[in-house]
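Here's the letter readout for the chains.
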Amino acid sequence: MRYTLTHLKELEAEAIFVIREVFAQFENPAILFSGGKDSIVLTHLAKKAFWPSRIPFPLVHIDTGHNFPETMKFRDDLVKELGVELIVGSVQKSIDDGAVREETGKNASRNALQTVTLLDTIEGNNIDAAMGGARRDEEKARAKERFFSHRDDFGQWDPKNQRPELWNLFNGRKNMGEHFRVFPISNWTEMDVWQYILHENIAIPSLYIAHERDVVRRNNTWLPVSEFITVEENEKVERKMIRFRTLGDITITGGDESEADTLEKIVQEVAAARQTERGNRSDDKRGETAMEDRKKQGYF
Amino acid sequence: MSDNYLDMQLLRFTTAGSVDDGKSTLIGRLLFDSKSIFEDQLESVEASSKKRGVDHVDLALLTDGLKDEREQGITIDVAYRYFATPKRKFIIADTPGHIQYTRNMVTGASTANLALLLVDARHGVVEQTCRHSFIASLLQIPHLVICINKMDLVDYSEERFNEIVTQYKEFASKLKVNDIRFVPISALHGDNVVNRSTNTEWYNGETLLHTLETIHIDSDQDHVNARFPVQTVIRPKSDEHHDFRGYAGRVAGGIFKPGDQITVLPSGFGSKIKSIETLDGPIKEAFAPMSVTITLEDDIDISRGDMIVRPNNQPRAEQDLDVMLCWLNNKPAQPRAKYTLRHTTNDARCMIKEVLYKVDINTLHRIVEDKEITMNDIVRVKLRSTKPLFVDEYNDNRNTGSIILVDEATNETVAAGMIRS
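Overview of the structure.

1. Side note on the overall build of chain B
Here comes step 1: Each helix and strand counted, chain B has seven helices and 21 strands in total.
Here comes step 2: In terms of overall dimensions, chain B is globule-like: its C-alpha atoms have a radius of gyration of 24 Å, near the 22 Å expected for 421 residues.
Here comes step 3: Principal-axis analysis of the C-alpha atoms gives chain B an extent of 70 × 65 × 45 Å.
Here comes step 4: Across chain B, contacts joining residues at least 24 apart in sequence account for 69% of those joining residues at least 6 apart.

Now the structure itself:
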């Protein structure tokens, strides 16, 4: 017997440890659940962390109103299966209440508006630790993120003044009104996530798997046609075999042409990919430090 | 599809070096040659390099992600980078060379299996090399790989290489590092990084990547001293698992098996392991760094912060701790101030009772006159805690031998400590 773990088992053990630390150190934690593969893996790990108990905290979904219908169904089925509470923060409601103003124009999206709804939901439900499925390999600002990431009482991130994090000793101490964002799968890569989904046979929304869909070519990607986007006169609606590498709002998530209709094929495709997964996310293309700027405000 | 991803290990390493010794180039080459840089990342780095008037592609921009870092062209914080080969997955903790050097390197080193140090072949062992090596040995990184870089600028001279190796070994005899290796490389031209170089026929050792892929890391964890700090207690109280009572945690050392006699600290109660549970079913043994749930034969009172150990191999119960402390905060240590101490899953309050000496990390000399503890200082201190802690020497077990101190007013992590004998 070799006393050694595979890389996936070691990453799993690390994530479970972090999730349990959150449960032990905070009063009222929650999982931020987007319906994307990373938050699905995070939820799966939370299930492992507390088995045979149920996951002892709610899932929080920030609903932009611009969802893929497949994501919503997946979310509702999962919540039912796990027997956990679901908290929905509605961007539509933030707009109706006048807390935020809707963007207009051809590339309008509700992506940036989510921050306000997210912070309101965190505050309104007294959540003191919000766990997310963000990974350090995703984006350069995320590469500097801690496992336990402190947010001030405005929900803001101060990247230059982060607490040092050593060994497995996590410091979740805070003042009233402040909260933490915690990222248990910080050290996972896109490849690790897919290998883990394959190995653990975790259910994911069908959107990740190649399927036929109406799309238009816009900003170098295939944008799904939906009631939320306006097809311009010079744009042509085409029917293509598409799969999504990340899932965000239906208005900003572009798909890739793909024949990968099984998990095995997806892992192969990811291994051969020459573009990052967020390459099709128009929310990251609003400037060199778009992610850092949003994160400082309190974004995911 | 091949299943070899189910046989891959994880190696965490830290890189140290300053701006000029080619660290970014070396990391860039490892990422490039393992196909871990994507086209859109490269395009964006190319565009940013051009915008800054740099004539080459500045690979540091790949992870110098923060606005201030990009504007000032410096690395402020530890950056984590990832790459994989068919044999292993690698996590690089890339630490900046200048600002808050000690703080960042200590952070990066705390979880590393290996440290990669760069030495410029033209300059040989310099003050900085000593400093990096000392921190690596202090944090007990099990393996040290010294890359003697820019060999192209010394005509790939074997004599120069040997000179530096001798120089380094002389200095390193003062350190506690068991495994030191030397590789002559040119990060710029790729000699001995991924592929063997024809310019160094005299070198019989392995390439850097081959070393990273094959170095023996199974023994990096402590598999001798059985230690299980309890994180939380799992009690489902459901119909199906009505009487289930499990202790959740991550094995910090040793091997646990069902049937093992155990002792719970601090109560001293004894019992036997009934089962080791996971969602995927019960398992036959658990070892570091696995996260599991342990059930016992007897119902005894156990809560977070307690430690499950073997009766014949127990950690020391100490209230007075001899600690090598690295100060991480702008605010100097206050004499006799109280801090919250975190050790495994346990908390206590503590006070710095005495400063024995400060270490000059460039010369390793002990400074006994200067008792003030400021940012980036490494000091040997005596701590007194409000309750006994169950500790091992850091050199025996990094998990049960390490602590952090938290300032009770600001809640910031202000120091990292390694427990001595």
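Next comes the rest of the description.
2. A look at unusual backbone geometry
Glycine aside, negative phi is the norm for most residues, and most peptide bonds take the trans geometry.
Here comes step 1: The omega torsion across Trp51(A) and Pro52(A) is 5 degrees, close enough to zero to call that bond cis.
Here comes step 2: Position of Pro52(A) relative to the elements: it lies in the loop between helix H2 (37-50) and strand E2 (59-63).
Here comes step 3: The residue after Ala288(B), namely Pro289(B), is reached through a cis peptide bond having omega 0 degrees.
Here comes step 4: By secondary structure assignment, the location of Pro289(B) is in the loop between strand E12 (286-287) and strand E13 (291-296).
Here comes step 5: In this structure, Trp167(A) takes a positive phi of about 45 degrees despite not being glycine.
Here comes step 6: For Trp167(A), the location among the structural elements is in the loop between strand E5 (148-151) and strand E6 (179-182).
Here comes step 7: For Trp167(A), a relative accessible area of 7% puts it in the buried group.
Here comes step 8: Unusually for a residue other than glycine, Tyr156(B) sits at a positive phi of about 50 degrees.

3. Description of the interface of chain B and chain A
Here comes step 1: Each side of the interface is counted separately: chain B has 87 residues, and chain A has 72 residues.
Here comes step 2: Together, the buried faces of chain B and chain A total about 7,000 Å²; carbon and sulfur atoms form 54% of this surface.
Here comes step 3: Here Asp192(A) ties to Lys89(B) by a salt bridge, and the two come within 2.3 Å at their closest N and O atoms.
Here comes step 4: Looking at the side of chain B that touches chain A element by element, the count peaks at five residues for helix H2 (residues 39-51) of chain B.
Here comes step 5: Grouping the amino acids of the side of chain B that touches chain A by side-chain chemistry returns 35 nonpolar, 27 polar and 25 charged.

4. Details of the sheet that holds strand E2 (residues 79-84) of chain B
All names here are of chain B.
Here comes step 1: On the basis of which strands lie adjacent, the open sheet formed by six strands has the order E2-E3-E1-E4-E5-E6 and mixed pairing. Looking at the sheet topology across the chains shown, the edges are occupied by E2 and strand E6 (179-184). Within this sheet the neighbouring strands show an average axis-to-axis angle of 25 degrees, counted without direction.
Here comes step 2: Each of strand E1 (9-16), E2, strand E3 (88-94) and strand E4 (114-120) is contacted by helix H4 (residues 101-109), which is oriented at about 170 degrees to E1, the strand it contacts most.

5. Focus: the packing of H2(A) against helix H3 (residues 69-82) of chain A
Residues and elements named next belong to chain A.
Here comes step 1: Between H2 and H3, the least distance of the axes is 13 Å, while the angle of their chain directions is 0 degrees. Here H3 runs roughly parallel to H2, going by the angle between their axes. Between H2, through Ile40, Thr43 and Lys47, and H3, the contact on the second element is made entirely by Phe74, Leu78, Glu81 and Leu82.
Here comes step 2: When its residues are assigned to classes, the contact of H2 with H3 shows four nonpolar, one polar and two charged.

6. Points about the packing of H4(B) against helix H5 (residues 127-138) of chain B
Residue and element names in this part refer to chain B.
Here comes step 1: Interhelical geometry of H4 versus H5 gives an angle of 40 degrees and a closest axis separation of 10 Å. Between H4 and H5, the crossing angle belongs to the class labelled oblique. By crossing handedness, the relation of H4 to H5 is classed as right-handed. Note on element contacts: H5 touches H4 through Arg131, His132, Ile135 and Ala136, opposite Tyr101, Thr102, Met105 and Val106.
Here comes step 2: Of the residues contributing to the contact of H4 with H5, the split by class is five nonpolar, two polar and one charged.

7. Examining the pattern of salt bridges
Here comes step 1: Throughout the structure, instances matching the rule amount to 46 salt bridges over all chains.
Here comes step 2: Between Lys48(A) and Asp280(B) there is a salt bridge, with the nearest N and O atoms lying 2.8 Å from each other. Here Asp280(B) lies in the loop between strand E11 (270-277) and E12 and Lys48(A) lies in helix H2, a pairing that spans two chains.
Here comes step 3: In this structure, Arg243(A) and Glu269(A) form a salt bridge, with 2.9 Å as the shortest nitrogen-oxygen distance. A residue pair is termed long-range when its members are at least 10 positions apart, and Arg243(A) in strand E9 (residues 238-243) and Glu269(A) in helix H7 (residues 263-272) qualify at 26 residues.
Here comes step 4: A relative accessible area of 26% means that Glu269(A) is categorised as partly exposed.
Here comes step 5: Each of the salt bridges in this network shares a partner with another, and the network as a whole consists of Lys9(A), Glu12(A), Lys48(A), Glu200(A) and Asp280(B).

8. Quick word on empty space enclosed by the protein
Here comes step 1: Evaluated as defined, the whole model comprises three cavities of 30 Å³ or more.
Here comes step 2: Here the second largest cavity defines a volume of roughly 50 Å³.
Here comes step 3: Along the walls of the second largest cavity sit Phe148(A), Arg163(A), Pro164(A), Glu165(A), Leu169(A), Phe170(A), Asn171(A), Ile404(B) and Thr413(B), which together make up its complete lining.

9. Here's the deal with the pairing of strand E10 (residues 261-265) of chain B
All names here are of chain B.
Here comes step 1: The element E10 is extensively covered by neighbouring structure, given that four of its five residues are classed as buried.
Here comes step 2: Looking at chain direction, E10 and E11 are connected through three bridges and run antiparallel. The residue of E11 that forms the bridge with Gln261 is Lys272.
Here comes step 3: Where E10 hands over to E11, the hairpin turn is made up of four residues, of which Gly268 adopts a positive phi near 85 degrees.
Here comes step 4: Relative to strand E14 (residues 307-309), E10 runs antiparallel, the two being bridged by three bridges.

Cut-offs and rules
Residues numbered from 1 in each chain as written. Chains lettered and ligands numbered in written order. Predicted model: local features only at pLDDT ≥ 70, side-chain atom pairs only at ≥ 80, totals over all residues. Heavy atoms only, no water. Helix = DSSP H or I, 4+ residues; strand = E, 2+ residues; numbered from the N terminus. Rg over C-alpha atoms; globule rule 2.2 N^0.38 Å. Contact = heavy atoms within 4.5 Å. Buried < 20%, exposed > 50% of the residue type's maximum accessible area, 1.4 Å probe, protein only. Buried area = accessible area lost by both parts, 1.4 Å probe. Salt bridge = Lys/Arg side-chain N within 4 Å of Asp/Glu carboxyl O. Nonpolar A, V, L, I, M, F, W, Y, C, P; charged D, E, K, R; others polar. Pairing = 2+ DSSP bridges. Axes fitted to C-alpha atoms, helices over the stretch in contact; angles between N-to-C directions. Parallel < 35°, antiparallel > 145°, perpendicular 65-115°, else oblique. Left-handed = near helix turned anticlockwise from the far one by under 90°. 1 Å grid on protein atoms, 1.4 Å probe; cavity = no way out; pocket = protein on both sides within 12 Å on 5 of 7 lines; lining within 4 Å. Points joined across faces, edges and corners; volume = space filled by probe spheres on them.

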